[in-house]
Amino acid sequence: MVERGIAVVVEDDEDVRGILEEVLRQSGFTVHTSSSGIEGVEAVREHNPVIIIIDVGLPDYDGIEACRRIRTFSDAYLIIVTGRVEEADALMGFEAGADDYLTKPFRPRELRARITAMLRRPRSLSPKPSLISAGTGYRLHPEPLTAAPPTSPSVSSAESQLSPLTEGVSGGFEHKGLTLHEGFRAAAINGVPVDLTRTQFDLLLVLMENGRVVQTKADLVRRLRNEPFNTGSYVSTSEERAVEVHLGNLRKRLGDSSRSPRWVETVRGVGYRLTP
């Protein structure tokens, strides 16, 4: 069995906690468990897990508040598990920083599949690259910089909105002072690092990769699942709504406005794209 690292389970129901622990162990994780929000937050701080599964209905403070506290210091994959089925609860979980939301009773096979899908998306890497001013934009340089070639006049208008950050370093994009480097999982505005959650980073990456090409909500859901856009796989209304929440949170992190956007533009009734 492949060793996948450490997992933390925060669940006050002993039976459910045992099921979650067993699923994670079978998936290759070393598991630490706790039964309250306070203990759970401290367990995450102590063990620095790859993945966290947390119940909403905890005996001290609820799982939503625990998520908020965890997100102040951890970028682990975070799944909320709860017996509540209201959409508002799911949206609150996503706003608090959860990557996924699973309702009880759940099938262990489904949980394993969700974990596997999340693990396909890379974690943040450290240390983050430094940023230096480079003319009209900002350029990432884990190694000495080389001058980037000028943009060819023949490049399409959609592609011309984006420029690679560093020659020889893949995954770099720049748009109106916002820089993004996939390899380092680093984002910055005018050289100032911006702290994004994993989901926010992945959504922004899709938009910057595609420039002025509109990305539908279904496109974005499939990208978060690490699926090709053209699979035609089913995307639920709640998943599309979750993308809306994540995009709203992304805008808040960037200090962007939906009414007068600097970076992320809403195409009403269709999806999202970068501004001109």
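Check the entry above for the structure.
Residues numbered from 1 in each chain as written. Predicted model: local features only at pLDDT ≥ 70, side-chain atom pairs only at ≥ 80, totals over all residues. Heavy atoms only, no water.

Caption draft 1: Quick look at the overall build of the protein. Within the protein one finds 8 helices and 14 strands. Taking all 276 residues of the protein together, the buried fraction comes to 47%. Of the contacts made within the protein by residues no fewer than 6 positions apart, 56% connect residues no fewer than 24 positions apart. Total accessible area on the protein is roughly 13,500 Å²; 50% of this is exposed by carbon and sulfur atoms. (Helix = DSSP H or I, 4+ residues; strand = E, 2+ residues; numbered from the N terminus. Buried < 20%, exposed > 50% of the residue type's maximum accessible area, 1.4 Å probe, protein only. Contact = heavy atoms within 4.5 Å. Areas by Shrake-Rupley, 256 points an atom, 1.4 Å probe, with all protein chains shown as cover.)

Caption draft 2: A look at a negative patch on the surface. Taken together, Asp12, Asp13, Glu14 and Asp15 make up a surface patch of like negative charges. Structurally, Glu14 is set in helix α1 (residues 14-26). (Patch = residues over 30% accessible without salt bridge, like charges linked within 9 Å, V, L, I, M, F, W, Y side chains within 5 Å. Salt bridge = Lys/Arg side-chain N within 4 Å of Asp/Glu carboxyl O. Lys, Arg positive; Asp, Glu negative; His and termini not counted. Charge placed at Lys NZ, Arg CZ, Asp CG, Glu CD.)

Caption draft 3: Region of interest: helix α2 (residues 37-47). Of all the residues in α2, the buried ones are Gly37, Gly40, Val41, Ala43 and Val44. One side of α2 carries all its buried residues, which in axial view fall inside an arc of 160°. Backbone geometry just downstream of α2 places Asn48 in the positive-phi region, at approximately 50°. (Arc of directions from axis to C-beta.)

Caption draft 4: Spotlight on the environment of Asn48. Positionally, Asn48 belongs in the loop between α2 and β3 (51-55). C-alpha separation for the pair Asn48 and Gly5, spaced 43 residues apart in sequence, amounts to 9.6 Å.

Caption draft 5: Quick look at the pairing of strand β10 (residues 186-189). Going residue by residue along β10, you find Ala186 and Ala188 tucked away on one face and Ala187 and Ile189 tucked away on the opposite face as well. Here strand β9 (residues 178-181) pairs with β10 via 4 bridges, running antiparallel. Opposite Leu180, over in β10, you have Ala187 as the bridge partner. Bridging between β10 and strand β11 (residues 192-193) involves 2 bridges; their strand directions are antiparallel. Bridge assignment links Ala188 to a residue of β11, and that residue is Pro193. Linking β10 to β11, which pair antiparallel, is a turn of 2 residues; within it Asn190 sits at a positive phi near 50°. (Pairing = 2+ DSSP bridges.)

Caption draft 6: Summary view of the pairing of strand β4 (residues 77-82). Here β4 lies mainly inside the structure; 6 of its 6 residues are buried. Burial along β4 is two-sided: the face carrying Tyr77, Ile79 and Val81 and the face carrying Leu78, Ile80 and Thr82 are both buried. Both β3 and β4 contribute to a ladder of 5 bridges, which runs parallel. Residue Asp55 lies in a different strand from β4, and its bridge partner there is Val81. Viewed along the sheet, the connection from β3 through helix α3 (residues 63-70) into β4 turns out right-handed. Pairing geometry for β4 and strand β5 (residues 100-103), over 4 bridges, is parallel. Note on β5: the bridge partner recorded for Val81 is Leu102. (Right-handed = clockwise from strand over helix to strand, strands pointing away.)

Caption draft 7: Focus on the sheet that holds strand β2 (residues 29-34). On the basis of which strands lie adjacent, the open sheet formed by 5 strands has the order β2-β1-β3-β4-β5 and parallel pairing. Each of the sheet's edge strands pairs with one partner strand only, and the pair in question is β2 and β5. Averaged over all adjacent pairs, the angle separating strand axes in this sheet is 20°, with direction ignored. Those strands touched by helix α5 (residues 108-119) are β2, β3, β4 and β5, and its axis lies near 180° from that of β5. (Axes fitted to C-alpha atoms, helices over the stretch in contact; angles between N-to-C directions.)

Caption draft 8: Representation of the sheet that holds β11. Sheet architecture is open: 4 strands sit in the order β8-β9-β10-β11, paired in antiparallel fashion. Only two strands of the sheet have a single partner each, and these edge strands are β8 (172-175) and β11. When β8 meets β9, the two strands line up antiparallel, connected through 4 bridges. Each residue of the ladder has a partner; that of Phe173, found in β9, is Leu180. Along the sheet face, helix α6 (residues 198-210) touches β8, β9 and β10 and points at about 105° away from the line of β9.

Caption draft 9: Spatial organisation of unusual backbone geometry. Across the junction of Lys104 and Pro105, the peptide omega takes the value -5°, indicating a cis bond. Its place among the elements puts Pro105 in the loop between β5 and α5. The backbone of Asn48 sits at a positive phi, close to 50°, despite the residue not being glycine. Judged by its relative accessible area of 54%, Asn48 is exposed.

Caption draft 10: Seen up close, the packing of aromatic side chains. Taken as a whole and judged by the stated rule, the model has 0 aromatic pairs. A cation sits over an aromatic face here: Arg69 above Tyr61, 4.1 Å from the ring centre. Above the face of the Tyr77 ring, Arg198 is positioned so that its terminal group lies 3.7 Å from the ring centre. (Phe/Tyr/Trp six-rings, centres within 6.5 Å; stacked < 30°, edge-to-face > 60°. Lys NZ or Arg CZ within 6 Å of the ring centre and 35° of its normal.)

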